[in-house]
Amino acid sequence: MWSSSVMRNLYAFFFLPLLGGSLDLHPVLNGPDMAYLGSEVVFQCMAPDSFLPVTYELRRDGLLIDMREHHHEKRPAFFSQKATAHSEGLYNCEAKTEGITQVSNSIRLSVVIPPRHTRITTDPFPAILYEGSRLVLNCEVASGSHLSYTWFFNRMQITSFTSQQLHVTGNKLVIERVTPKHAGYYSCMAWSRVRDVQSISSSSEVKVAVKAYLLKPEISLSIFKEGTSYRGNVTCWSSRGTPPVNFSLLLDDKVVASVLTSDSASAWFSIDVVPGLDMGVVRCCVNSEVQQLMSEPLTLEVVPVGGDVNVEVEYLYSSNSKPAAARLTCHISRGSFPLISWLHNDSTLLSETQMSLQIQNIWPQYALIDWKRTLILAKLRHEESGYYRCRARDSYDESAAWLESGAVLIQVKDWMIDNKPQEAVSSATSATTTEIIAIIFCCFLLVTLAVSSYCVYMMIGHKKARRLSSSPNASSDRLPFSVPVLPLEAKQGDACLTDCGINIQMMEITV
């Protein structure tokens with residue numbers, strides 16, 4: 001008995017040419033489209049409708065790579081090769097049998113090179129720049145292909161949701177206008193994936209420093225006594241700015257001292273001063289890499305405390321028009337650096353330092369503000385009653401004499417202290433309102449009774465006059481009946497107009 005393969009071969013040899021037909025082999029090529037460099041790549045080619053023997057040829061870009069012949073068994077042909085840089089291309093398979101050749105589908109193979117030696121480069125370099133500048137970070141690899149990139153800021157992954165100001169384009173991270181919040185540590189990760197295998201290479205961290213621009217510097221002066229002479233401490237500072245900063249002190253527009261600060265935006269200068277003497281005008285100048293700013297001028301004159309000292313009192317009222325607090329202000333005629341102290345009934349009030357040492361659960365009933373120039377009595381009680389005075393001396397000279405103000409009286413009376421419960425106040429208010437309404441109603445009732453009585457009286461008088469006028473004995477030359485004139489209120493209210501009918505209108509009274 002002949003085998004089926006022999007029968008098919010005879011059919012193809014004798015009958016297909018006579019019938020003018022052709023055999024469709026349907027070759028199919030299976031295999032990967034990506035492979036890591038150095039890995040094994042296996043392609044599979046199969047023509048299910050071919051006759052034996054059949055020949056399979058694997059081609060890349062039209063060039064023959066490998067060939068397999070099957071004579072006795074119909075099975076797929078496997079082609080295995082190691083992926084190299086030259087393995088990339090368009091692959092297909094040709095199936096040949098009984099003089100028939102057909103080409104399979106095509107597969108484009110990409111050879112993926114794993115990333116290695118990833119690092120970050122910056123523009124500008126080094127990554128130290130002022131706010132508002134443009135920063136570009138590049139994630140570069142020594143070798144690698146078909147790569148994707150992931151960026152990290154302070155070890156947190158950067159996404160489009162975490163920052164709208166960071167833009168990732170390819171292997172670049174771009175910040176168009178940096179701000180101080182962009183300062184920190186950046187790193188990147190280059191990676192590729194082939195099926196379920198991922199290859200990763202991470203960079204080391206790169207520090208980005210963002211400098212803040214300096215604001216206009218400020219200047220202040222403090223005085224201290226050194227032996228028998230006096231020294232001035234001039235402080236220059238900028239409330240915003242990144243060091244290093246160069247500070248210069250100018251006296252009458254001449255530089256007398258300068259210092260470079262590397263850890264702060266402030267500097268101190270010590271100078272000689274004489275109280276009561278005008279020693280000129282000082283200014284601070286700050287210089288950075290890109291800025292030069294000047295402070296406002298400060299007159300270098302120390303005026304000793306002197307003249308009159310007095311206290312001004314101002315009461316602060318609550319919503320019920322009762323004094324709730326008091327503000328006492330100490331006014332000094334002159335003095336550049338006064339030290340102020342307050343007395344209550346000749347006893348010194350606690351200083352701010354002593355108040356901070358009190359038990360924290362006890363809230364002080366007063367506060368000192370404006371360098372102790374103002375005393376606030378936060379709550380008026382009987383304990384706050386008494387005489388208040390302020391005194392002042394030069395803060396830089398402990399041996400200086402105190403200048404005292406006259407005493408002012410703060411008298412807290414019982415009516416100023418609101419100790420009544422809210423319910424009692426509401427009840428008293430309600431009772432007062434009720435009494436007022438009752439009084440008004442009684443008055444209105446009395447007026448109504450008076451008007452009604454007057455109308456009855458007028459009605460009776462009118463009837464008598466008609467009887468007298470209609471009597472036959474009445475003389476023609478009798479004087480007409482005298483009708484009393486109605487009061488103005490009755491005329492305007494139309495009371496007793498039609499047959500002296502009573503018309504009373506009620507009014508709604510709201511108190």
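The structure we're discussing is the one just above.
Reference entry: report on the structure contained in this document. Treat the numbers as computed from the prediction; the structure is a model and nothing was measured.

Observations concerning the nonpolar core
- By size, the foremost hydrophobic cluster in this structure holds 23 residues, and its most contacted members are Leu328, Cys330, Ile332, Trp342, Leu375, Leu377 and Tyr388.
- Elements with a minimum of two residues in this core: β28 (306-317), β29 (323-334), β30 (338-344), β32 (366-369), β33 (374-377), β34 (386-394) and β36 (408-410).
- Here the element with the most residues in this core is β29; it accounts for 4 residues.
- Core analysis: the next-biggest nonpolar cluster, separate from the first, contains 21 residues, Cys236, Ala267, Val273 and Val302 among them.

Structural notes on the pattern of salt bridges
- Under the defined criterion, the tally for this structure stands at 17 salt bridges.
- A salt bridge links Arg231 to Asp272; the shortest N-O distance between them is 2.0 Å. With Arg231 in strand β21 (residues 229-237) and Asp272 in strand β24 (residues 266-273), the pair connects residues that are 41 residues apart, well separated along the chain.
- Linking Glu314 and Arg327 is a salt bridge whose minimum nitrogen-to-oxygen distance equals 2.6 Å.

Quick word on the sheet that holds strand β20 (residues 218-226)
- Pairing in this open sheet of 3 strands is antiparallel, and the strands run β20-β21-β24 from one edge to the other. The two strands at the open ends of the sheet, each matched to only one other strand, are β20 and β24. Each adjacent strand pair in this sheet contributes to an overall mean axis angle of 25 degrees, direction not counted.
- For β21 and β24, the ladder comprises 8 bridges, and the chain directions are antiparallel. Each bridged residue has a counterpart across the sheet, and for Val234 the counterpart in β24 is Phe269.

Rules and cut-offs
Residues numbered from 1 in each chain as written. Predicted model: local features only at pLDDT ≥ 70, side-chain atom pairs only at ≥ 80, totals over all residues. Heavy atoms only, no water. Core = buried A, V, L, I, M, F, W, Y, C linked by side-chain atoms within 4.5 Å. Buried < 20%, exposed > 50% of the residue type's maximum accessible area, 1.4 Å probe, protein only. Helix = DSSP H or I, 4+ residues; strand = E, 2+ residues; numbered from the N terminus. Salt bridge = Lys/Arg side-chain N within 4 Å of Asp/Glu carboxyl O. Pairing = 2+ DSSP bridges. Axes fitted to C-alpha atoms, helices over the stretch in contact; angles between N-to-C directions.

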